Amino acid sequence: MDRSLGCIHRFMEEKLIFFQLFLSFFRIGCFAFGGGAAALPLIQKEIVDTYQWLTTEQFVDLITLSELTPGPIAINSATFVGYKVGGVMGAFIATGAFCLPSIVLVMMVTNFLRVFEENAMVQRVLKGLRPSVIALMSLAGLSIAQNGMRDWFALGLGVASFFLVSKKWIDPILMLLLAGIAGILYYR
Amino acid sequence: MVDQKKKTLFNLFISFIRIGAFTWGGGYAMVPLIQKELVDKKQLISDEDFITGLSVAQGLPGAIAINTACYFGQRVAGFPGMLTAVLGSVLPSFLIILMAATFLFHFGDHELVQHFFRGATPAIVALIACGIVSIGKKALKKRIDLVLAVVLFTLVLIFRFHPLWIVLLGAFTGLWRKS
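It should be emphasised that the depicted structure is a prediction, and the values quoted were computed from it without experimental measurement.

Caption draft 1: Quick look at the interface of chain A and chain B. Between chain A and chain B, the contact holds 84 residues from the first and 94 residues from the second. Regarding the contact of chain A and chain B, the summed buried area is about 8,100 Å², with carbon and sulfur atoms giving 79% of it. On the chain A side of the contact with chain B, Arg-130, Met-137 and Leu-176 of chain A bury the most area, a combined 9% of that side's loss. Joining chain A to chain B, the criterion identifies 4 salt bridges. Here Lys-36 of chain B and Asp-171 of chain A are joined by a salt bridge, their closest N and O atoms 3.7 Å apart. The interface formed by chain A and chain B includes 7 residue pairs in polar contact (both at pLDDT 80 or more). Looking at the side of chain A that touches chain B, the elements with two or more residues in it are α1 (2-31), α3 (56-67), α4 (73-116), α5 (120-148), α6 (152-166) and α7 (172-187) of chain A. Sorting elements by how many residues they give to the side of chain A that touches chain B places α5 of chain A first, with 22 residues.

Caption draft 2: Geometry of the pattern of salt bridges. Summed over all chains, the structure comprises 10 salt bridges over all chains. Residue Asp-151 of chain A is joined to Arg-118 of chain B by a salt bridge in which the shortest nitrogen-to-oxygen separation is 3.4 Å. Of this pair, Asp-151 of chain A sits in the loop between α5 and α6 while Arg-118 of chain B sits in helix α6 (residues 111-139), which puts the two residues in different chains. According to the relative accessible area criterion, Asp-151 of chain A is partly exposed, its value standing at 23%. Residue class for Arg-118 of chain B comes out partly exposed when judged on its relative accessible area of 40%. Overlapping salt bridges bring together Arg-18, Glu-37, Lys-41 and Lys-42 of chain B as one network.

Caption draft 3: Local environment of a nonpolar patch on the surface. On the surface, a nonpolar cluster with roughly 840 Å² of combined accessible area is contributed by Met-121 of chain A together with Ile-158, Phe-159, Phe-161, Trp-165, Leu-168, Phe-172 and Leu-175 of chain B. Top contributing element to the nonpolar patch by residue count: helix α8 (residues 163-176) of chain B, with 4 residues. Relative to the elements of secondary structure, Phe-172 of chain B occurs in helix α8. For Phe-172 of chain B, a relative accessible area of 53% translates into the label exposed.

Caption draft 4: A look at α3 of chain A. Residue and element names in this part refer to chain A. Here α3 spans 17 Å end to end across 12 residues, near enough to the 16 Å set by a 1.5 Å rise per residue. Among all positions in α3, only Phe-59, Leu-62, Leu-65 and Ser-66 are buried. Buried residues of α3 fall within an arc of 115° about the axis and therefore sit on the same side. The exposed residues of α3 that point more than 90 degrees off its buried face are Glu-57 and Glu-67.

Criteria and cut-off values
Residues numbered from 1 in each chain as written. Chains lettered and ligands numbered in written order. Predicted model: local features only at pLDDT ≥ 70, side-chain atom pairs only at ≥ 80, totals over all residues. Heavy atoms only, no water. Contact = heavy atoms within 4.5 Å. Buried area = accessible area lost by both parts, 1.4 Å probe. Salt bridge = Lys/Arg side-chain N within 4 Å of Asp/Glu carboxyl O. Polar contact = N/O pair within 3.5 Å; in protein donor to acceptor, adjacent residues only side chain to side chain. Helix = DSSP H or I, 4+ residues; strand = E, 2+ residues; numbered from the N terminus. Buried < 20%, exposed > 50% of the residue type's maximum accessible area, 1.4 Å probe, protein only. Patch = residues over 30% accessible without salt bridge, like charges linked within 9 Å, V, L, I, M, F, W, Y side chains within 5 Å. Areas by Shrake-Rupley, 256 points an atom, 1.4 Å probe, with all protein chains shown as cover. Expected span 1.5 Å × (residues − 1). Arc of directions from axis to C-beta.

It is worth stressing that arrangement in space is one thing and function is another; only the former is reported here.
Written out as structure tokens, the structure reads:
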């Protein structure tokens, strides 16, 4: 009897973890305005302070790892924390929960736009958002440049890639790979 | 007909796997890749719609990369397209992080990997710069738009405004200006 109760208890605990993972990454997804980088303090608060799924040190490691792997940092942390706490299933739940608000909200907006696309006010808002897009993209570019272009080689590589890609002489993905290989050869 | 639809979804999936696998350094690095894949190469999205998609992605919470994947997936093939695009863009990082978590970070300690990314970072900046130039040419046609972009950039860079404010300010000035 006791043993079966223990089993049930363990089972509930396991489910509870999944539920908590879902809720906390859903919350992060709902409030991460300004992209994944803006979500970092939010993620830290949820997974380091509130649930203590990671220590601060592990969290810093995770950021480093995210910089060295593809994908948005929020997705990387969702996958990583989910896996640590609840295995592959946990990773799946945390990542899905983070994407869910995006899916629902974008669906609502595209449906709204489909109906009101011709509306003059909607048109004005959309046009007004264009300078914001450029401003925020510039900020993203500049902050990566500040971190990652600290020597003459990097600067030259950046300028060269800009010309090669903007003249469409080289595919962007190929450019990334070639620049990476140049990095290996130069910094070795 | 059904085959055609399946083919579109499959192509979308492959496109977004490519995009997701080469998104280094945050969502904006993905913008030129999406432009190249969906606007230039496959012509599934018009220039106008591309800029609208970016605006929507910025105005909503969530990772820029995921929001753009949602928007463009939906535009190309409706709700199934949306799920396909999100799945494709998440899959590479999901698998790589699972691998890294299993092998406990040793991947990041590797000197070769670090040097590779040190070389790739300037190229990422270059890609973002290309995106800014090509989108800027289409999005900032009037001088006032250019001025606004510079003002908003100053606000976010020097006065540390939250990105959400930049989006809201853009929307308000749009409403306020007579087209």
